[in-house]
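Residue-level structure breakdown
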Amino acid sequence: MLLTALSAMAADLKQWSDGPIAWADFRGEAVGNDSKAAFRASIYIDPVDISVDGQMKTQIFARAAMDRGDSYVDAALRTPERLRLYQLEFDLLECYRRQLQDDISQDVAANSTDERVRHYNALYYNEVITIATETSSGTDSSKLQQWETNVRSRLDKAEMPFVPIVSPGRFSYGCYLGVGGNFTGGSINDAFSHTWIFGGGLHVGYDRAVAKFSAFYGQPKIKRLNIMDIENQQITDKYASLTNLALTVGYKIVDTRRIAITPMVGGAWNNLRWNVGNYEWDEEKSEPLLTSTQSYSITHFSWYATIDIDIKLHSRVTSTSLFGSKKREQVVSSVRISPYITRNVYDEPQPQLRGVQAGFTVAYNVDLRSLGF
């Protein structure tokens, strides 16, 4: 069984550093009638977030662990020699863990690290087969003693390696998706109602500087039957389409382990689109007759201001590189609350529609940074 940081969280593990193994550590159940014993152990990578001088950093640990929930031994086989054999195998795994930890101290690139985990686990499994063969599964006391001496000597020579501390890089990128509300003011509110909006965006950053692109869509209710004030014309649908595209830049004035606050300013393109019908009076039926339909669209580009308030939920380190970056990445997820305000003037309707549009969005945000020394 090859453990990952994610599967290790759910497994019942005993670390080598927890002390010698005992029969009480074998808590699994045999699989099949022919299976009498199994000692499941492997090396895996365990990134741990720490705080250094108020800054979040990550230590990359190599762990040697026994999976107690997947290890089992039939009662008839629980001899002192068998327990010595499994302790020998566990000590051997620790030898390879120390080699891996030393390698990680030199390089934390995701692809190479994962390859080394597989490499050292394969070396361990092959050597375990050799030990089991030469010691007759622990029943040959002389050979068992020789192997114990060999592995203990290797452990003594392999000093406890340095555990590297890595920091998130200066460049960041991410995305978010959420919902919110858009509230209109002035004469815009005379023609269109407030509305729910949904959408998302992309962002990139360097240190505390951030650039963001967002796109949101809503359907405000139309309040006036003839917005363009054209004779024999009125709306055919109750709702219009609202599209808001914004490009902003900002600076994180607060960035702690739990919260980040980023005021941002820029420009936004706002578009309102709706359908209308053209009517003629039907003399025979004494009622208006729909002769054709068309769409109207009004747009305005204006300033746009917002504040992103990120409430950080969770931070983890990827087990593999993303998007070909060749390095592990820190992934920080957060709930982003973003109040915003803009002012629009739509010239085409007569009289003009003008006023403030303000609102908020609540989104799930993901921010990624590559890790390095």
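Please refer to the structure placed before this passage.
Residues numbered from 1 in each chain as written. Predicted model: local features only at pLDDT ≥ 70, side-chain atom pairs only at ≥ 80, totals over all residues. Heavy atoms only, no water.

The next subject is the nonpolar core. Nonpolar side chains tend to gather and get buried jointly when the protein is soluble and globular. Core analysis: the biggest nonpolar cluster contains 34 residues, and F26, F39, L100 and Y124 have the highest contact counts within it. Residue assignment for this core shows that the elements contributing at least two residues are strand 3 (41-52), strand 4 (55-67), helix 2 (80-106), helix 3 (110-134) and helix 4 (141-157). The biggest single contributor to this core is helix 2, with ten residues. Discounting residues that sit within four places of it in the chain, F39 has contacts with I21, F26, M66, S71, Y86, E89, F90 and Y124. Core analysis: the second largest hydrophobic core is formed by 24 residues, A240, L242, A246 and I298 among them. (Core = buried A, V, L, I, M, F, W, Y, C linked by side-chain atoms within 4.5 Å. Buried < 20%, exposed > 50% of the residue type's maximum accessible area, 1.4 Å probe, protein only. Helix = DSSP H or I, 4+ residues; strand = E, 2+ residues; numbered from the N terminus. Contact = heavy atoms within 4.5 Å.)

The backbone phi angle of S136 is positive, close to 55 degrees, even though this residue is not glycine. When you line up the elements, S136 lands in the loop between helix 3 and helix 4. Residue S137 is not a glycine yet carries a positive backbone phi of 55 degrees. Turning to its location among the elements, S137 is positioned in the loop between helix 3 and helix 4. Residue classification places S137 among the partly exposed residues on the basis of a relative accessible area of 31%.

This next bit is on the pattern of salt bridges. With the rule as written, the count across this model stands at 16 salt bridges. Of the charged contacts in the structure, one is a salt bridge between D207 and R170, with a shortest N-O distance of 2.6 Å. A residue pair is termed long-range when its members are at least 10 positions apart, and D207 in the loop between strand 7 (195-206) and strand 8 (209-218) and R170 in strand 6 (residues 165-184) qualify at 37 residues. Exposure remark for D207: the relative accessible area of 31% places this residue in the partly exposed category. Here D255 ties to K312 by a salt bridge, and the two come within 2.7 Å at their closest N and O atoms. Pair noted here: D255 is in strand 11 (residues 254-255) and K312 is in strand 13 (residues 287-317), with a separation of 57 residues, a long-range link. Residue classification places D255 among the partly exposed positions, given a relative accessible area of 31%. (Salt bridge = Lys/Arg side-chain N within 4 Å of Asp/Glu carboxyl O.)

Take the side chain of N271 next. Within the fold, N271 resides in strand 12 (residues 259-282). Here S297 takes part through its side chain, which lies 2.6 Å from a polar atom of the side chain of N271. Aside from chain neighbours lying at most four places away, what touches N271 is S241, L242, T243, S297, I298 and T299. (Polar contact = N/O pair within 3.5 Å; in protein donor to acceptor, adjacent residues only side chain to side chain.)

Turning our attention to the pairing of strand 13. Sheet topology places strand 12 next to strand 13; 24 bridges connect them, and they run antiparallel. Counted as the bridge partner of G267 is W303 from strand 13. Counted along the chain from strand 12 to the antiparallel partner strand 13, the turn is four residues long, and its residue S286 has a positive phi close to 55 degrees. Summarising the sheet, strand 13 and strand 14 (residues 329-346) pair through eleven bridges and their orientation is antiparallel. Bridging from a neighbouring strand, I311 pairs with V335 of strand 14. (Pairing = 2+ DSSP bridges.)

What follows deals with the side chain of N182. Following the sequence through the fold, N182 ends up in strand 6. By relative accessible area, which is 4% here, N182 ends up buried. Polar side-chain contacts of N182 include one of 2.7 Å to the side chain of Y340. Those residues in contact with N182 that lie beyond four places of it in its chain are H194, T195, I197, L242, Y340, Q357, A358 and G359.

A separate point is the packing of helix 2 against helix 4. Between helix 2 and helix 4, whose axes approach to 10 Å, the crossing angle comes to 25 degrees. Here helix 4 runs roughly parallel to helix 2, going by the angle between their axes. As for how helix 2 packs across helix 4, the hand of that crossing is left-handed. Facing E81, R84, L85, L88, D91, L92, E94, C95, Y96 and R98 of helix 2, the residues of helix 4 in contact are S141, L144, Q145, W147, E148, V151, R154 and L155. When its residues are assigned to classes, the contact of helix 2 with helix 4 shows nine nonpolar, two polar and seven charged. (Axes fitted to C-alpha atoms, helices over the stretch in contact; angles between N-to-C directions. Parallel < 35°, antiparallel > 145°, perpendicular 65-115°, else oblique. Left-handed = near helix turned anticlockwise from the far one by under 90°. Nonpolar A, V, L, I, M, F, W, Y, C, P; charged D, E, K, R; others polar.)

Attention now moves to the pairing of strand 12. Inspection of the sheet shows strand 9 (residues 233-235) paired to strand 12 by three bridges, in the antiparallel sense. When the bridges of strand 12 are listed, I235 appears paired with V276. In this sheet, strand 12 lies alongside strand 10 (residues 241-251) in antiparallel orientation, the contact comprising ten bridges. Paired with L242 across the bridge in strand 12 is L272. The pairing of strand 11 with strand 12 spans two bridges and is classified as antiparallel.

All right, on to the environment of F162 then. Counting through the fold element by element, F162 comes out in the loop between helix 4 and strand 6. Using a relative accessible area of 56% as the deciding quantity, one classes F162 as exposed. Considering only alpha carbons, one finds F162 and P351, 189 residues apart in sequence, at a separation of 73 Å. Setting aside residues no more than four positions away along its own chain, F162 makes contact with Q101 and S105.

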